Amino acid sequence: MQLANLILAQLVNGITLGSLYALIALGYTIVYGIVLLINFAHSELFMSGAFVGLGVMTVLTSSALASKFPWLAPAQHFFAGSTTGIVCMLLIMFLVSMIVVGIMGMIIERFAYRPLRHAPRLAALISAVGVSLFLQNAVLLWISAQQLPFPNPIGESTAFTIGTVDVSVLKVVIIITVIVLLVALDTFISRSRFGKAMRATSQDREAAGLMGIDINLSITLAFFIGPALGAVAGIFNGMYYGSIVFNMGFLPGIKAFTAAVLGGIGNLRGAMLGGFLLGIVESLASGFISTGYKDVIAFAILILVLIFRPGGLLGESVLEKV
Amino acid sequence: MAETVTDIDTKADAGRTTPLKIALWILLAVAVVMTPLVFEGYGWLFVPHIMALIGLYVMLALGLNIVVGFAGLLDLGYIAFYAIGAYAGVIVGAWAYKSAPALGPWIYFLMIPVAAIAAAATGIALGTPVLRLRGDYLAIVTLGFGEMVRIIITNNAFGLTNGAAGLPRAGQFIPTPFGLDWLQNHVYFPIPALGRSFVLQFDNNIYWYYVIVLLCLLTIFVVRRLDQSRLGRSWAALREDEVAASSMGISITQTKLWAFSLGALWGGIAGLTFANFQQFVSPESFTFLESVFVVCTIVIGGMGSIPGAIVGAIIIQGLPAFVQGLAAAGKLPGIDPSTATVIANYRFLVFGLFMVVMMAWRPQGLLPSKRRAAELKPELAEIADIESEQLYDAQHDDAHPGIDD
């Protein structure tokens, strides 16, 4: 019975963690699908999302700010007062963060990747590493070198209990939000005009261009959507662990990339599947093997997948043609 | 440098040997030998230390150059081999010193092959399954591998690595190499003619600086020979076009594996030297950021270029450390010594920007190798466009994307 409970508890943690990985993994996969570039800076956009979110939350709730700018006080009173207020605050926080980080993604694409679109792939990857280094240290130098506490406005209350395992409201909110976002994205890509254009661009850039599709718009859109989803994951990550720091993006970024590869990079549903799988495997491993080695397990999975099924679980194997 | 018929690069580099050139080389040699002694003599102790670190980076950069510059495989976890070399060497060295203290000064010569073989063997073990992957996947897998090695070391794997506390443990020693004790105790000559406080002396930093310079020379020699060998030409062919190279009879996996394991071997030797020089290793020295810096070094200097690696190491490792050292020693007017670490932080920011700008503006690096320069920057922009389009077509089997821009 105890074992079953442990498994159940780790499963709940795993699904929560996995939904965050899935969100980040989508950012990698959507960009890779269109421009065949591993957006190395994605993990830093995820981190930026958390920082922007914290900034917005501070403006909306900090009493220190309210005493300096009295006109903020009534709004803050509303946001702190009721459940409606908290929900509104969360919505504003997520929206602002998504938009800001999405625009950051577009700017990065414009200045760091677009000039290299015809260069060897290595050049773009190195440029991406450069962007990542820059963003990380910009936050370190200009915002904070220390961990910042990230308040959790949803609270620690328990939503429901399975067996003896308490599932917190925050976990439920994370999982539901992520699923809603995944479904919305899937619908957008498969049904909307822009989604169709993006799929066409990723299949054959030139033919899509000849058909009158604005290729740059498709690419820019991918660089908006991916980071925006990453920003949501960043904020949830902050609430879940209670603090954020300038280098928080590195490990989740690499693991989410693993998830994207696991599912088949370039394949949206694959990234979702890979994210959940990786989260669950990692949580079970840290529960049953060792927490110290849980990061090694993710990397070991990455290496094994690439060796035995380089196309990923849902991906097709692509032959290099002449 | 022996001249052979295929020795194109050497001939192009050297041109005719004029007296001026010989004089410049002699001047350079004197500078390399004397600079640390002079600075040490005037009490600027951090300068020999920084110069030794630059030398280590030159070795690392040249080793990684085999993988990235020659064979075109992006390795983002190169520091793992550095770590493996350092740890393997220190573990075996400390053990040998404990079992046979009489061997003392000679143990270093046992540590070198151990470190080199350990690193190269790991390189082969990782490379065999992984080198079949496409370039950007390889980058991520090597990155993952680098992190794995660091995490395993931090977790005190098999009780060997002592976790985050590092090696050697209390009571263990990295044996002092041949001659260091004697030189440290006997070379101490004040020379008043060179200034009141000038003392010609010899310490750990200087000793290892000279060892590192010798190792760098060895590395340069080997790397040059490799570049011009049959293997080196296979690497170039492979880098330019895998399919064409393979249809010319080059075994792709085997050739890549050679690059990977030779690169790892130099990484291991550099790691061992680092451990000896620092007298201490801990997982902190082997973070992902270090791997990025080594890549940065060769990108800034110019991929596949030996002078480029040296210039890159001076810019990446030397310049910031020197400014920081000056600031910390209170020798920069108007800068408080306590702000020295801020300078160190700004360098990462600047490097990040530098990498982006460099890729857009001068992808071939500051001092590109002639072969790579020709490849990365054709004379006419028009040719460059056509070539990149053809490359893109070849890789993706879809036609030129330039048409929509």
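Residues numbered from 1 in each chain as written. Chains lettered and ligands numbered in written order. Predicted model: local features only at pLDDT ≥ 70, side-chain atom pairs only at ≥ 80, totals over all residues. Heavy atoms only, no water.

Asker: Residue-level account of unusual backbone geometry, with values.
Answerer: Phi is positive for A:Leu36, which is not a glycine, with a value near 55 degrees. For A:Leu36, a relative accessible area of 25% translates into the label partly exposed. Of note, B:Gln279 is a non-glycine position whose phi angle comes to about 65 degrees, a positive value. Among the structural elements, B:Gln279 can be located in the loop between α11 (252–278) and α12 (288–301). (Buried < 20%, exposed > 50% of the residue type's maximum accessible area, 1.4 Å probe, protein only. Helix = DSSP H or I, 4+ residues; strand = E, 2+ residues; numbered from the N terminus.)

Asker: How would you sum up the packing of aromatic side chains? Please name residues and give values.
Answerer: Using the criterion set out here, one finds 22 aromatic pairs over all chains in the structure. Relative to A:Phe257, the ring of A:Tyr28 has its centre 5.6 Å away and its plane inclined at 80 degrees; by these criteria the two rings are edge-to-face. Taken as a pair, A:Tyr28 in helix α1 (residues 2–35) and A:Phe257 in helix α11 (residues 250–263) lie far apart in primary sequence, 229 residues in all. Taking the relative accessible area as the measure of exposure, A:Phe257 reaches 1% and is therefore buried. Look at B:Phe81 and B:Phe260: their rings are 6.0 Å apart centre to centre, the planes differ by 85 degrees, and that puts the pair in the edge-to-face class. (Phe/Tyr/Trp six-rings, centres within 6.5 Å; stacked < 30°, edge-to-face > 60°.)

Asker: Account for the interface of chain A and chain B, naming residues and giving values.
Answerer: Across the boundary between the two partners, chain A contributes 52 residues, which contact 55 residues of chain B. Both faces combined, the contact of chain A with chain B buries some 5,000 Å², and carbon together with sulfur accounts for 74% of it. Here chain A is connected to chain B by one residue pair in polar contact (both at pLDDT 80 or more). For the side of chain A that touches chain B, the element with the highest residue contribution is helix α6 (residues 121–142) of chain A, accounting for 16 residues. Its residues placed into classes, the side of chain A that touches chain B shows 37 nonpolar, seven polar and eight charged. (Contact = heavy atoms within 4.5 Å. Buried area = accessible area lost by both parts, 1.4 Å probe. Polar contact = N/O pair within 3.5 Å; in protein donor to acceptor, adjacent residues only side chain to side chain. Nonpolar A, V, L, I, M, F, W, Y, C, P; charged D, E, K, R; others polar.)

Asker: Give a description of the pattern of salt bridges that names residues and reports values.
Answerer: Within the structure shown, the criterion is met by seven salt bridges over all chains. Between B:Glu147 and B:Arg150 there is a salt bridge whose closest N-O contact spans 2.7 Å. Linking B:Glu147 with B:Arg150, this pair stays in helix α6 (residues 135–154), spanning three residues, or about one helical turn. Residue B:Glu147 is classed as buried on the basis of its relative accessible area, which comes to 3%. For B:Arg150, a relative accessible area of 24% puts it in the partly exposed group. Among the ionic pairs, B:Arg239 bridges to B:Glu240, the shortest N-O distance being 3.2 Å. Taking the relative accessible area as the measure of exposure, B:Glu240 reaches 36% and is therefore partly exposed. Among the charged side chains, a salt-bridge network with shared partners connects A:Glu109, A:Arg114 and A:Arg117. (Salt bridge = Lys/Arg side-chain N within 4 Å of Asp/Glu carboxyl O.)

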